[in-house]
Amino acid sequence: MAKLNFGGVEENVVTREEFPLEKAQEVLKNETVAVIGYGVQGPGQALNQKENGINVIVGQRKNSKSWDKAVRDGFVPGESLFEIEEALDRGTIICYLLSDAAQIKLWPTVQKYLTPGKALYFSHGFGVTYKEQTGIVPPADVDVFLVAPKGSGTSLRRMFLQGRGLNSSYAIFQDATGRAFERVVALGIAIGSGYLFETDFKKEVYSDLTGERGTLMGAIQGIFAAQYQVLRSKGHSPSEAFNETVEELTQSLMPLVAENGMDWMYANCSTTAQRGALDWWKKFRDATLPVFTELYESVAAGKEAAKSIESNSKPDYREKLEEELKELRDSELWQAGKTVRSLRPENQKVAEAVEA
Ligand SMILES: NC(=O)C1=CN([C@@H]2O[C@H](COP(=O)(O)OP(=O)(O)OC[C@H]3O[C@@H](n4cnc5c(N)ncnc54)[C@H](O)[C@@H]3O)[C@@H](O)[C@H]2O)C=CC1
Ligand SMILES: CC(=O)[C@](C)(O)C(=O)O
Ligand SMILES: [Mg+2]
Ligand SMILES: [Mg+2]
């Protein structure tokens, strides 16, 4: 395992150079990897493993959209696609990729198939960490670990197809066989991770819930909405407000940050912009710090888990989510965005083709 220096702190990282795909195939050659659930992570992880030569099967409810998708993706009913219980029975490694709320409901069933020596794999520390709320307490004689891709299953698949890899966290909760490390790392490589960063279940779920509620998804939308509202209330047009809030960020400036860091993006902007950004960033940090602290405390207290379990366990949770997504989609900000996106050259070609 490599020790890498992250801004002065040494951490354990597993690289594809030290643990190449051939090694992963060797470690997993006698295993049947059962991917349970074919939603967002399921397809990415199952297809990447399949194309990496791993013996992978999918377990999914029959007569569901996800079952049909698995068939379209090349999984064959009776051969590599099964009802959930049959896949649980056949699998030696169970990749538990139902939604976190659904994992609670199916747990009594899963438990029945966790015979000694099998492995239980998660892509989140949620179920095990919040065991008081989920009831997920694995038996002592199975390996329990996670590989959590740090991004959408859609990105995991896309980056695999591009020959790149998405970074993942990995953690071992329980090593019953003495093989947990080689098993988890082999799976991490097989699903298409680039690098594997060591963590534990609790740290993974606390940071993940904070990140998605914070800068990755919640905070970013909040900041967009606030700036857009101010610009509109001061008489700026929707296109101007959108371009100055979102389009320039995603199309021009964030790619520069991704490539070479914040200071480099700043250095590629005007001295006027740099002066202003350097003057204002600490004010934004200080204004949001109490909100981020409140968020982390809510995560650590299990309140965010409780809310998500409660709402996502309702029978009509999908309709409710869709209503809330529609509110975002129909907002002037994102409607303006739709028109702005349609003007990108790549979308212009599509529009012309549709018109013709
Ligand atoms: N969505 C993502 O890209 C990421 C997800 N994760 C984690 O990966 C795991 C899986 O998440 P997603 O792929 O988003 O799940 P998802 O919400 O897409 O659901 C997965 C599958 O669960 C099935 N399902 C739902 N309720 C069920 C029930 N009661 N019985 C049987 N099947 C049921 C659905 O048919 C679907 O195929 C979670 O632990 C999540 O936190 C981690 C990183 C990113
Ligand atoms: C994509 C990801 O890693 C998230 C945002 O944490 C999630 O989908 O749960
Ligand atoms: Mg995440
Ligand atoms: Mg998450």
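Everything quoted here is computed from the prediction, not taken from an experiment.

Here we come to the UniProt feature "binding site: Mg(2+) 1" (unreviewed entry) in the protein. Mapped onto the present numbering, the UniProt feature "binding site: Mg(2+) 1" (unreviewed entry) falls on D208 and E212. Residues contacting D208, with those up to four places away along its chain left out, are H124 and K150. Assignment of secondary structure puts E212 in helix α10 (residues 201-213). Every residue in contact with E212, bar those within four places of it in the chain, is listed here: M217 and G218. Polar side-chain contacts of E212 include one of 3.0 Å to the side chain of R213.

Below, the discussion takes up the coordination of the magnesium ion (ligand 4). Every protein donor of the magnesium ion (ligand 4) is listed here as D208 (OD) and E212 (OE), and their distances to the metal cover 2.0 to 2.1 Å. A separation of 3.5 Å is found between the magnesium ion (ligand 4) and the magnesium ion (ligand 3), both of which receive a donor from D208. Of this pair, D208 and E212 are both found in helix α10, four residues apart, which corresponds to roughly one turn of the helix.

Further remarks concern the site of ligand 2. Taken together, P149, G151, S152, D208, E212 and M217 form the complete shell of residues around ligand 2. Contact distances for ligand 2 include 3.0 Å between an oxygen atom and a side-chain N or O atom of D208. One of the side-chain nitrogen or oxygen atoms of E212 is found 2.6 Å away from an oxygen atom of ligand 2. When isolated, ligand 2 has an accessible area of 260 Å², and the protein chains bury 62% of it. Of the residues belonging to the shell around ligand 2, the class tally is two nonpolar, two polar and two charged.

This part is about the site of ligand 1. The local shell around ligand 1 holds 21 residues, among which Q41, S66, D100, H124 and G153 are the closest. Contacts to ligand 1 include Y38, whose backbone N or O atom sits 3.1 Å from an oxygen atom. A distance of 2.7 Å separates an oxygen atom of ligand 1 from a polar side-chain atom of D100. Considered on its own, ligand 1 offers 830 Å² of accessible surface; in the complex 82% of this is hidden by protein.

Summed over all chains, the structure comprises 23 salt bridges. Residue K150 pairs with E204 through a salt bridge whose shortest N-O separation is 2.8 Å. Highlighted residues: K150 in the loop between β8 (143-149) and α8 (153-161) and E204 in helix α10, separated in sequence by 54 residues. Of the residues examined, E204 reaches a relative accessible area of 2% and is grouped as buried. When its relative accessible area of 35% is taken as the criterion, K150 is described as partly exposed.

Scoring rules and cut-offs
- Residues numbered from 1 in each chain as written.
- Chains lettered and ligands numbered in written order.
- Predicted model: local features only at pLDDT ≥ 70, side-chain atom pairs only at ≥ 80, totals over all residues.
- Heavy atoms only, no water.
- UniProt positions renumbered as here; feature names shortened; annotations may be inferred.
- Contact = heavy atoms within 4.5 Å.
- Helix = DSSP H or I, 4+ residues; strand = E, 2+ residues; numbered from the N terminus.
- Polar contact = N/O pair within 3.5 Å; in protein donor to acceptor, adjacent residues only side chain to side chain.
- Donors = N, O, S within 2.8 Å, 3.2 Å for Na, K, Ca; no water.
- Near = heavy atom within 4 Å.
- Areas by Shrake-Rupley, 256 points an atom, 1.4 Å probe, with all protein chains shown as cover.
- Nonpolar A, V, L, I, M, F, W, Y, C, P; charged D, E, K, R; others polar.
- Salt bridge = Lys/Arg side-chain N within 4 Å of Asp/Glu carboxyl O.
- Buried < 20%, exposed > 50% of the residue type's maximum accessible area, 1.4 Å probe, protein only.

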